[in-house]
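For reference, the chains in residue letters:
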Amino acid sequence: MKPNLLEEIKIGTKNALVKKKIITYYIYNGPSTITSLSKELDLSVPTVTKFINEMCEEGYIHEYGKQGTNSGRRPSLYGLDAESGYFIGVDIKRFAINIGLMNFKGDMVDLKMDIPYHCRNTPAGLDDLCKLIAKFIKRIDIEKEKILNVNINISGRVNPESGYSHSWFNFEERPLAEVIAEKIGCTVTIDNDTRAMTYGEFLQGNIHGEKNILFVNMSWGLGIGIIINSEIYTGKSGFSGELGHMPAFNNEIMCHCGKKGCLETEASGSALHRILLERIANGEESILSHRAKDTENILTLDEIIDAINKEDLLCIEIIEEIGQKLGKQIAGLINLFNPELVIIGGTISQTGDYILQPIKSAVRKYSLNLVSQDSTIALSKLKSKAGVIGACMLARSRTFEC
């Protein structure tokens, strides 16, 4: 990949913007003919042919062969050249990170899941994160100049346009994206973790032509990603989707945001963890009872999910109660957005029907039938990989934004 196109896109030259549109078209549609591309861009076939020939010479576009037809001359198919550039996605979890390497075409060529990392909101925590990313970059057998962008998923309030995170690693006046770029020596963008998961699911997951989608990320916290008419919705400052902080309960439970009564305090991974420990402390039995009393090694969310899938009655009872509470709020979202599809993702979605069925039950109870009858509720197809795949996809798409 020659860097001059990226520089020209930033400047906004006319030719570079047309080439950007061509690349964006291939990102979302895959290989296609010049005729199809000319119709999409509303440009003449000779003009598009000229651009395609230039981009083939520059290394961005590759001829994929001939399109199959019943009769007549078969047109050539063109698409993105897989080796012309690479993108890295980093998905930060509570006790690990996932890092993926994607080629220009959109194929994952390297993926490392569950790299140990204790996510601490301190300068040392940020340094540790950057060291792990730098180590991954050093290990892969690719020239550093070919890594066009690194996108990092961060929970909470993130402005992808400015590169600022207002929830994590906000230690300097400079944008966090700029700080990390300086530390690892690559171009960096950042985005909200739920939005990245939504984008990954939209491009490579459980989507079958739907254009209006809600993605519910049930992990340690709770958030949603919103896609309207195939466009991901970020809001004015990039802060859309904070479902977990909707005031939903008259409880005295303090949310990590500093307020009481947030939905997240009763319907999230942190709620599942807290409620289970409380009920075991009150004398109820679980296969995790002995682990809950271990003060040195904190009970993990993965252990609770494993207990649910092993049919632990107490854990199942709690997850069903959480599903009912969340389903009531999802019913409100369906009444508001009238989406074609609601995807349940995140760590808690790994409990499968244990969380899905109570959500569906509550949605049937609390939503307007006429509104919800065309809304399908399904589990994430990408599961634990949704975030890292979405991060890679965002790294690629952000590279060609003006």
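Here the structure is shown first, and the text comes after it.
Residues numbered from 1 in each chain as written. Predicted model: local features only at pLDDT ≥ 70, side-chain atom pairs only at ≥ 80, totals over all residues. Heavy atoms only, no water.

Student: Can you explain the overall build of the protein? Please cite residues and give values.
Tutor: Tallying secondary structure elements over the protein gives 14 helices and 15 strands in all. Taken against the 2.2 N^0.38 rule, which gives 21 Å for 402 residues, the C-alpha radius of gyration of the protein at 23 Å falls within 12% of a compact globule. Seen through its C-alpha atoms, the protein measures out along the principal axes to roughly 75 × 50 × 35 Å. Evaluated residue by residue, the protein yields a buried proportion of 51% over its 402 residues. Counting every atom, the protein has about 19200 Å² of accessible surface; 49% of that belongs to carbon and sulfur. Taken together, the 45 basic and 50 acidic charged side chains of the protein have centroids lying 3 Å from each other. (Helix = DSSP H or I, 4+ residues; strand = E, 2+ residues; numbered from the N terminus. Rg over C-alpha atoms; globule rule 2.2 N^0.38 Å. Buried < 20%, exposed > 50% of the residue type's maximum accessible area, 1.4 Å probe, protein only. Areas by Shrake-Rupley, 256 points an atom, 1.4 Å probe, with all protein chains shown as cover. Lys, Arg positive; Asp, Glu negative; His and termini not counted. Charge placed at Lys NZ, Arg CZ, Asp CG, Glu CD.)

Student: Please set out the packing of helix α7 (residues 193-204) against helix α14 (residues 386-399) residue by residue, giving values where relevant.
Tutor: The relative placement of two packed helices is expressed as an angle between their axes plus a distance between the axes. In the contact formed by α7 and α14, the axes pass within 7 Å of each other and the chain directions differ by 85°. Taken together, the axis directions place α7 and α14 in an arrangement best described as roughly perpendicular. Of the residues in α14, those touching α7 at A196, M197, Y199, G200, E201, L203 and Q204 are A386, G387, I389, G390, A391, M393, L394 and S397. (Axes fitted to C-alpha atoms, helices over the stretch in contact; angles between N-to-C directions. Parallel < 35°, antiparallel > 145°, perpendicular 65-115°, else oblique. Contact = heavy atoms within 4.5 Å.)

Student: Lay out the pairing of strand β7 (residues 147-154) in plain terms, naming residues and giving numbers.
Tutor: Judged by how many residues are buried, β7 sits mostly within the fold: eight of eight residues are covered. Across six bridges, the pairing between strand β4 (residues 86-92) and β7 is parallel. Note on β7: the bridge partner recorded for F87 is N149. In terms of strand pairing, β7 meets strand β10 (residues 188-192) through five bridges, oriented parallel. Residue pairing for β10: N153 is matched across the bridge by D191. (Pairing = 2+ DSSP bridges.)

Student: Which residues make up the sheet that holds strand β12 (residues 222-228), and what are the values?
Tutor: Ordered by their spatial adjacency, five strands build an open sheet running β13-β12-β11-β14-β15, and the pairing between neighbours is mixed. What marks the edges here is a single partner per strand, and that holds for β13 (231-233) and β15 (376-379). On average, each strand axis in the sheet is inclined to that of its neighbour by 25°, with strand direction left out of account. The pairing of strand β14 (residues 341-345) with β15 spans four bridges and is parallel. Residue pairing across strands places V342 opposite I377, the latter belonging to β15. The strands touched by α7 are β11 (213-218), β12, β13 and β14; relative to β11, the strand with the most contacts, the crossing angle is about 130°.

Student: A description of the environment of F136 should follow, citing residues and the corresponding values.
Tutor: The topology assignment puts F136 in helix α5 (residues 123-139). The exposure class assigned to F136 is buried, which follows from its relative accessible area of 4%. Separated by 98 residues in the primary sequence, F136 and T234 have C-alpha atoms spaced 29 Å apart. If we ignore the near neighbours within four places in the chain, the residues touching F136 are I88, I99, G100, L101, D110 and K112.

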